[in-house]
Amino acid sequence: MGGGSTAPLLAAFACVFLAVFPPVASGDAATLESVPDLVKAMYINVESFPCVRLLNHSGQVGCSNPGHDKVIAPIVRFGNRNDQLVQPSAVLLPLNQMTDFFLRVSNDPELYRKIAGVLVEANGVDNMLEFSPDRKFPQQAFAPYSNLSHHWNPTGSGIMWNKYDFPVFLLSEESTQTLQNLADKNEKSANGYLANVAEFDLVMQTTKAGTHDSESCLREQSCLPLGGQSVWTSLPPISNSSTKHQKPIIMVTASQDSASFFRDRSLGADSPISGLIALLTAVDALSHLHDISNLKKQLVFAVFNGEAWGYLGSRKFLQELDQGADSVNGISSLLIDQVLEIGSVGKAISQGYPLFYAHAAGNSSISMKMVDALQSASESLGSDNVKVKPAASSNPGVPPSSLMSFLGKNSSTPGLVLEDFDSQFSNRFYHSTLDGPANVNSSSIAAAAALIARSLYILASADLPIDLITLNTIKVNVSLVEELIGCLLKCDPGLSCGIVKSFISPSNSCPSHYVGVFQDLPAGTQFPSYADDISRFIWNFLADRTSSLAGNSSSCTGQCHDEGEICVGAEVEGGGRCVVSTTRYVPAYSTRLKFEDNVWHVLPVNSSDPFSAADPVWTESFWNTIGLRVYAVQATSYDWLVLLIGIIITVASYFAVIVGRSYISKIIKRD
């Protein structure tokens with residue numbers, strides 16, 4: 001809109017600019033030969049990652065432009081030598097000062113008014129000892145116990161749960177250098193001719209629509225609910241969809257999503273992706289056993305999505321079980337005998353050997369059997385020297401985990417969370433951009449996978465005598481752990497790695513573990529329309545590892561014809577193959593939401609669900625574009641000077657024309 005009137009002016013300016021400043025040859029090509037070349041020379045688009053506006057049932061968090069327009073402000077450094085602002089500014093902020101800065105801004109209205117935007121530097125993080133923008137007790141409203149003052153996350157500042165009416169971007173390493181240079185130029189020429197400014201385009205549709213909570217923005221359709229797809233599978237496959245005469249279930253869980261101040265920088269290496277990698281590796285190890293169908297208990301593995309946002313995946317999974325939905329056909333909540341969750345297990349190397357802590361809950365006698373199974377498994381590993389200890393009895397209960405959802409539904413559910421910490425997170429970068437691949441140890445994850453695989457064999461044997469020969473054959477593929485770290489936590493190779501591309505065609509090579517938004521209800525449990533790359537990879541990997549070959553081993557590009565068969569690798573070139581496996585997607589979104597008449601509706605609090613009132617009902621605002629660019633502008637004084645000179649020239653020209661016309665008239669009359 002408005003482009004028709006701007007283009008001629010820009011073209012005219014380009015002609016003048018090119019006449020005054022001739023093109024400079026660069027190799028074989030000349031620059032500034034067209035309007036696009038000029039625009040490219042004038043503006044620098046900055047690679048960056050935004051903090052966006054999120055809403056819940058009670059209000060808003062996150063970042064947004066304050067109004068309907070872009071924000072333009074001079075770039076200034078903010079630090080120990082310069083912590084005062086004389087005008088609204090785009091603040092260039094070192095990452096190690098981020099916590100103190102945002103806490104100060106939230107408590108200093110005068111400073112808040114001077115913040116036009118914030119640019120967070122990417123470098124200088126090597127010396128950071130801790131940084132967590134989450135709370136000291138994450139998601140404490142879902143704790144199945146009354147002591148909510150415990151600091152599971154002692155480094156937590158809580159800054160990611162505040163509302164900021166100004167844009168905030170995390171810079172890439174390359175753009176950090178660019179912005180630092182521009183800030184230095186502004187500092188050196190404070191009264192000079194040019195000023196370098198940042199232009200923020202972070203206008204959220206909820207701001208435009210004036211919708212300030214989840215219910216109002218869903219009603220006005222200016223947002224969408226957070227959500228995605230969870231995945232569950234069974235080993236071996238459940239042959240009969242009927243729940244009659246089935247074995248008791250050992251439910252093994254992990255999470256696949258993380259959170260961060262910046263939407264697209266939610267890697268979550270230790271919390272929770274280390275646990276996810278351990279689960280996938282343990283499934284791979286158990287898949288090689290030949291007698292697993294003879295065990296007394298059924299192994300069911302579930303990877304939940306949306307756990308960082310009110311335990312969306314686990315709570316929706318339990319709701320689907322209660323409703324007997326197709327997504328969980330074949331299992332029942334009544335059959336769940338034990339729940340074993342793999343939490344943060346990437347930092348367990350202590351004094352030269354892996355040390356894990358078992359946080360038990362529910363029925364104490366069964367929970368202690370689970371601890372005993374873990375310790376028996378650790379002893380069977382022998383020279384690998386993997387240790388397990390019960391968590392301190394002084395802890396108020398289990399740490400923040402999906403197990404809380406199961407305990408909220410039934411407080412006597414026997415459960416255990418395996419973690420790399422006792423009373424406080426060992427992860428000092430919980431839910432921050434720094435929880436990356438350098439924050440985990442592959443040996444720790446491999447040790448956790450071996451421990452889990454062997455303890456599951458012991459638990460599933462129940463009262464049968466343990467076959468020590470079989471137990472000792474359960475070994476994890478350490479190279480698989482290394483490969484999954486590269487696939488799920490790095491951009492190189494990222495989701496372009498071999499194992500991922502053998503199952504799916506990823507849309508992006510850089511992995512992100514932000515949950516995303518749920519657009520509408522899926523058509524089925526095999527190929528939902530909006531499953532992200534990570535969920536689709538997990539589905540295919542688990543389906544492959546827990547499968548037995550179909551009778552005809554036919555190739556496929558979608559549905560398989562025989563009951564109980566699914567198509568693995570359907571996305572890859574040449575199609576996939578039909579296998580027998582019980583692997584399904586389960587939608588992960590708030591249990592207080594209902595999709596009806598193509599609109600999401602917020603349901604009243606469910607009195608039968610103890611966590612319904614605590615459900616935040618998280619949503620994410622729509623936006624048209626998100627962008628950040630920088631360019632140089634004239635100082636205001638020079639604008640006035642140019643205007644004055646223009647007026648003088650205009651007046652002089654006017655009088656020159658009058659005098660000229662009078663002179664010409666006199667000459668004509670003489671002739």
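Before reading on, note that the structure itself is shown above.
Below is a summary of the structure that appears in this document. As the structure is a computational prediction, the values presented were derived from the model and not from experiment.

Calculation notes
Residues numbered from 1 in each chain as written. Predicted model: local features only at pLDDT ≥ 70, side-chain atom pairs only at ≥ 80, totals over all residues. Heavy atoms only, no water. Helix = DSSP H or I, 4+ residues; strand = E, 2+ residues; numbered from the N terminus. Buried < 20%, exposed > 50% of the residue type's maximum accessible area, 1.4 Å probe, protein only. Contact = heavy atoms within 4.5 Å. Areas by Shrake-Rupley, 256 points an atom, 1.4 Å probe, with all protein chains shown as cover. Phe/Tyr/Trp six-rings, centres within 6.5 Å; stacked < 30°, edge-to-face > 60°. Lys NZ or Arg CZ within 6 Å of the ring centre and 35° of its normal. Disulfide = S-S within 2.5 Å. Core = buried A, V, L, I, M, F, W, Y, C linked by side-chain atoms within 4.5 Å. 1 Å grid on protein atoms, 1.4 Å probe; cavity = no way out; pocket = protein on both sides within 12 Å on 5 of 7 lines; lining within 4 Å. Points joined across faces, edges and corners; volume = space filled by probe spheres on them. Nonpolar A, V, L, I, M, F, W, Y, C, P; charged D, E, K, R; others polar. Pairing = 2+ DSSP bridges. Axes fitted to C-alpha atoms, helices over the stretch in contact; angles between N-to-C directions. Parallel < 35°, antiparallel > 145°, perpendicular 65-115°, else oblique. Left-handed = near helix turned anticlockwise from the far one by under 90°. Expected span 1.5 Å × (residues − 1). Arc of directions from axis to C-beta. Salt bridge = Lys/Arg side-chain N within 4 Å of Asp/Glu carboxyl O.

In this section: the overall build of the chain. The helix and strand tally for the chain stands at 17 helices and 30 strands. The proportion of buried residues among the 671 residues of the chain is 52%. Across the chain, every contact between residues at least 6 apart in sequence was considered, and the portion connecting residues at least 24 apart equals 79%. Carbon and sulfur atoms form 52% of the exposed surface of the chain, whose accessible area is close to 30,000 Å².

Relative to the assigned elements, Leu-85 resides in the loop between strand 7 (71-77) and strand 8 (89-93). Residue Leu-85 is classed as buried on the basis of its relative accessible area of 11%. Taking the C-alpha atoms as reference points, Leu-85 and Glu-110, separated by 25 residues in sequence, lie 9.7 Å from one another. Each residue touching Leu-85, except ones within four places of it in the same chain, is listed here: Val-76, Phe-78, Val-91, Leu-111, Lys-114 and Ile-115.

According to the stated counting rule, one finds 32 aromatic pairs in the structure shown. Seen from their ring centres, Phe-142 and Tyr-311 are 5.5 Å apart, and the 90° between their planes marks the pair as edge-to-face. Here Phe-142 is found in the loop between strand 9 (115-120) and strand 10 (163-164), whereas its partner Tyr-311 is found in the loop between strand 16 (298-304) and helix 9 (312-323), with 169 residues between them in sequence. By relative accessible area, Phe-142 is classed as buried at 3%. Cluster of aromatic residues (ring-pair linked, three or more members): Phe-78, Phe-101, Phe-102, Tyr-112, Tyr-164, Phe-166, Phe-261 and Phe-262. Over the face of the ring belonging to Phe-49 we find Arg-265, whose NZ or CZ atom lies 5.0 Å from the ring centre.

What follows covers the state of the cysteines. Using the criterion set out here, one finds 6 disulfides in the structure. Here Cys-487 is linked by a disulfide to Cys-497, with a sulfur-sulfur distance of 1.9 Å. Because the sign of the S-S torsion sets the handedness, a value of about 115° for the bond joining Cys-487 and Cys-497 places this disulfide among the right-handed ones. A residue pair is termed long-range when its members are at least 10 positions apart, and Cys-487 in helix 14 (residues 478-489) and Cys-497 in the loop between helix 14 and helix 15 (498-501) qualify at 10 residues. Comparing Cys-487 with Cys-497, the two get one shared label, buried. Covalently, Cys-560 is tied to Cys-578 through a disulfide, its sulfur atoms 2.1 Å apart. Measuring handedness by torsion sign, the sulfur bridge of Cys-560 and Cys-578 sits at about -105° and is left-handed. Within this pair, whereas Cys-560 is found in the loop between strand 23 (555-556) and strand 24 (565-568), its partner Cys-578 is found in strand 25 (residues 576-580), the two being separated by 18 residues in sequence. For Cys-560, a relative accessible area of 10% corresponds to the buried category. Residue Cys-578 is classed as buried on the basis of its relative accessible area of 3%.

Let us now look at the nonpolar core. Of all hydrophobic cores here, the largest spans 81 residues; its most connected members are Leu-279, Leu-286, Ile-499 and Phe-537. The element that contributes the greatest number of residues to this core is helix 12 (residues 442-461), accounting for 14 residues. Discounting chain neighbours no more than four positions away, the residues touching Phe-537 are Leu-280, Leu-484, Leu-488, Ile-499, Val-500, Phe-503 and Ile-504.

Okay, unusual backbone geometry next. Most of the time, phi is negative for any residue but glycine, and the peptide bond is trans. With an omega of -5°, the peptide bond between Leu-235 and Pro-236 qualifies as cis. Mapped onto the fold, Pro-236 is located in the loop between strand 14 (228-235) and strand 15 (249-255). Pro-493 follows Asp-492 through a cis peptide bond whose omega is 5°. Of note, Pro-493 is situated in the loop between helix 14 and helix 15. Despite not being glycine, Asp-597 shows a phi value in the positive range, around 55°. Mapped onto the elements of the fold, Asp-597 is located in the loop between strand 27 (593-596) and strand 28 (599-602).

Any empty space left between atoms is shown by rolling a water-sized probe over those atoms. Taken as a whole, the largest pocket spans an internal volume of roughly 1,300 Å³. Every residue lining the largest pocket is counted, 47 residues in all, and those nearest its centre are Asp-264, Arg-265, Cys-510, Pro-511 and Ser-512. Looking at the lining of the largest pocket, the elements with two or more residues in it are strand 11 (168-171), helix 5 (173-188), strand 14 and helix 16 (533-545). Classifying every residue of the lining of the largest pocket gives 23 nonpolar, 14 polar and 10 charged.

Strand order in the open sheet made by the 5 strands is 10-6-5-29-13, with mixed pairing throughout. The open sheet has two free edges, formed respectively by strand 10 and strand 13 (223-225), since each of these has just one partner strand. Of the pairings in the sheet, the one linking strand 6 (residues 59-63) to strand 10 comprises 2 bridges and is parallel in character. Within strand 10, the residue paired with Cys-63 across the bridge is Tyr-164.

Turning our eyes to something else, we now look at the packing of helix 8 (residues 269-286) against helix 16. The N-to-C vectors of helix 8 and helix 16 enclose an angle of 20°; their axes lie 9 Å apart at closest approach. Between helix 8 and helix 16, the interaxial angle falls into the category roughly parallel. Helix 16 is crossed by helix 8, and the crossing has left-handed handedness. Counted together, Leu-276, Leu-279, Leu-280, Val-283 and Asp-284 of helix 8 and Phe-537, Ile-538, Phe-541, Leu-542 and Arg-545 of helix 16 form the full contact between these two elements. Residues that form the contact of helix 8 with helix 16 fall into these classes: 8 nonpolar, no polar and 2 charged.

Below, the discussion takes up helix 10 (residues 364-380). With 17 residues, helix 10 extends 24 Å between its outermost C-alpha atoms, agreeing within 8% with the 24 Å of an ideal straight helix rising 1.5 Å per residue. Within helix 10 the residues assigned to the buried category are Ser-367, Met-370, Val-371, Ala-373, Leu-374, Ala-377 and Ser-378. Projected down its long axis, helix 10 carries its buried residues within an arc of 150°, all on one side. Every exposed residue of helix 10 that faces more than 90 degrees away from the buried side is listed here: Ser-364, Lys-369 and Glu-379. Close packing links the buried residues of helix 10 with strand 17 (336-342), strand 19 (353-361), strand 20 (387-390), strand 21 (415-419) and helix 12. A positive backbone phi angle near 55° is found at Gly-382, which sits one or two residues after helix 10.

On to the pattern of salt bridges. Under the criterion given, the structure shown has 20 salt bridges. With a shortest N-O distance of 3.7 Å, Lys-70 and Glu-199 are connected by a salt bridge. One end of the pair, Lys-70, is in the loop between strand 6 and strand 7; the other, Glu-199, is in strand 12 (residues 194-201), and 129 residues separate them in sequence. Judged by its relative accessible area of 45%, Lys-70 is partly exposed. Across the pair Arg-545 and Asp-544 runs a salt bridge whose closest N-O atoms are separated by 2.6 Å. Exposure remark for Asp-544: the relative accessible area of 15% places this residue in the buried category. Counted as one network, the salt bridges with shared partners bring together Asp-284, Asp-544, Arg-545 and Arg-577.

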